[in-house]
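Chain residues, written in single-letter form:
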Amino acid sequence: GKFGSGSYTASGGLHGVGASVVNALSVRMDVEVDRNGIIYVADRYNHLIRKVDLNGVVTTLAGSGLPGSDDGQGTAASFKEPWGLTVDSLGYVYVADTKNNKIRKISPTGLVSTIAGTGHETLGRAVSGYDLAQKVKSQIPSDAKIYSVRLLDHTVPFYLERNTIMVEFTDELTFGAKQEPQKWIPTLNEFVIVWNQDPNAFALMSPGQYEELKTIGLPMEELGRDSRRVVVRHPREALRQ
């Protein structure tokens, strides 16, 4: 059953065998006890899975001690800040390998395999807009305004480390628009007027919205896109005028 979270370390070094388990002051580690009373510890910041026998002797079940995501036997495998774990009735340990975004399985003999997870964040790099943001970030001056056109997107502005001016859509609770009305344009028609008056502006929108604005002749130069978003600016010709 679940023993609970605690703070533990082994005397005898990173891979050494300890004679007892003592409190570690700096980190908290997840702990699980199997049906035989063997304790398993997710030694998060040492990137290890530890095992404590009935005599209190501590050994490394799996992990090299260096951050990584390799499968393999015992210390040939690697983890990156493993946080949660559980053990089944056959002695297989299942690990939430937190910073690797994976679920790992460890056999009773210490063989590590990956059973779930892509290795990316839940949304994935492409879906979250990370790759798009990295592509266009260097092209957007620090003083340029970025308009989010009919699009509630929190991840791309986060990756760009910039705030956006909302067009039509306010934030979920409309709180932001009330507190900072200068960061909200109520209608698409008003945005078109503002865009045509600001040749240094940039905009974030859906591919469908981009095609709609193209049909009315709005001057835009595409900087990059993914399946959910397009980033545009005024054409270079307009910037040179």
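In this text, all values refer to a predicted model and were calculated from it rather than measured experimentally.

**Some details on the sheet that holds strand β9 (residues 82-87)**
So, step 1. Taken in spatial order, the five strands line up as β8-β12-β11-β10-β9 in an open sheet, and their pairing is antiparallel. Looking at the sheet topology across the chains shown, the edges are occupied by β8 (72-73) and β9.
So, step 2. Strand direction decides the pairing type here: strand β11 (residues 102-106) and strand β12 (residues 111-116), joined by four bridges, are antiparallel. In the sheet register, K105 faces β12, and the bridge partner there is S113.

**Comments concerning the sheet that holds strand β15 (residues 184-185)**
So, step 1. Taken in spatial order, the six strands of this open sheet run β15-β14-β13-β16-β18-β17, and their pairing is mixed. Of all the strands in the sheet, the pair left with one neighbour each is β15 and β17 (221-225).
So, step 2. Bridge analysis of strand β13 (residues 146-149) against strand β16 (residues 202-205) gives three bridges, and the strand direction is parallel. Among the inter-strand pairings, S148 is bridged to a residue of β16, identified as L204.
So, step 3. Helix-sheet contacts for helix α5 (residues 188-197) involve β13, β14 (165-167), β15, β16 and β18 (230-233), and the interaxial angle to β13 is about 155 degrees.

**Description of the environment of L48**
So, step 1. Note on placement: L48 falls in strand β6 (residues 48-52).
So, step 2. Its relative accessible area of 0% is what places L48 among the buried residues.
So, step 3. Counting along the chain gives 29 residues from L48 to A77, while the straight-line C-alpha distance between them is 9.4 Å.

**Things to note about the nonpolar core**
So, step 1. One finds Y147, V149, F191, W195 and M205 to be the most contacted residues of the largest nonpolar core, which totals 18 residues.
So, step 2. Elements supplying a minimum of two residues to this core: β13, β14, α5, β16, α6 (207-215) and β18.
So, step 3. The residues touching V149, leaving out its near neighbours within four places in the chain, are V167, L188, F191, A203, L204, M205, Q209 and L213.

**Focus: the packing of aromatic side chains**
Each aromatic ring pair is characterised by the separation of its centres together with the angle its planes make.
So, step 1. All chains considered together, the criterion is met by four aromatic pairs.
So, step 2. When the ring of Y130 is compared with that of Y159, the centres are 5.1 Å apart and the planes differ by 90 degrees; the resulting orientation is edge-to-face. Taken as a pair, Y130 in helix α2 (residues 130-136) and Y159 in helix α3 (residues 155-160) lie far apart in primary sequence, 29 residues in all.
So, step 3. Using a relative accessible area of 29% as the deciding quantity, one classes Y130 as partly exposed.
So, step 4. Between F191 and W195, the ring centres sit 5.6 Å apart and the planes meet at 45 degrees, which makes this aromatic pair tilted. Of this pair, F191 and W195 both sit in helix α5, four residues apart, which is roughly one turn of the helix. Across this residue pair, the class does not change: F191 and W195 are buried.
So, step 5. Over the ring of Y92 we find K105, and its NZ or CZ is 4.7 Å from the ring centre.

The rules we used
- Residues numbered from 1 in each chain as written.
- Predicted model: local features only at pLDDT ≥ 70, side-chain atom pairs only at ≥ 80, totals over all residues.
- Heavy atoms only, no water.
- Pairing = 2+ DSSP bridges.
- Helix = DSSP H or I, 4+ residues; strand = E, 2+ residues; numbered from the N terminus.
- Contact = heavy atoms within 4.5 Å.
- Axes fitted to C-alpha atoms, helices over the stretch in contact; angles between N-to-C directions.
- Buried < 20%, exposed > 50% of the residue type's maximum accessible area, 1.4 Å probe, protein only.
- Core = buried A, V, L, I, M, F, W, Y, C linked by side-chain atoms within 4.5 Å.
- Phe/Tyr/Trp six-rings, centres within 6.5 Å; stacked < 30°, edge-to-face > 60°.
- Lys NZ or Arg CZ within 6 Å of the ring centre and 35° of its normal.

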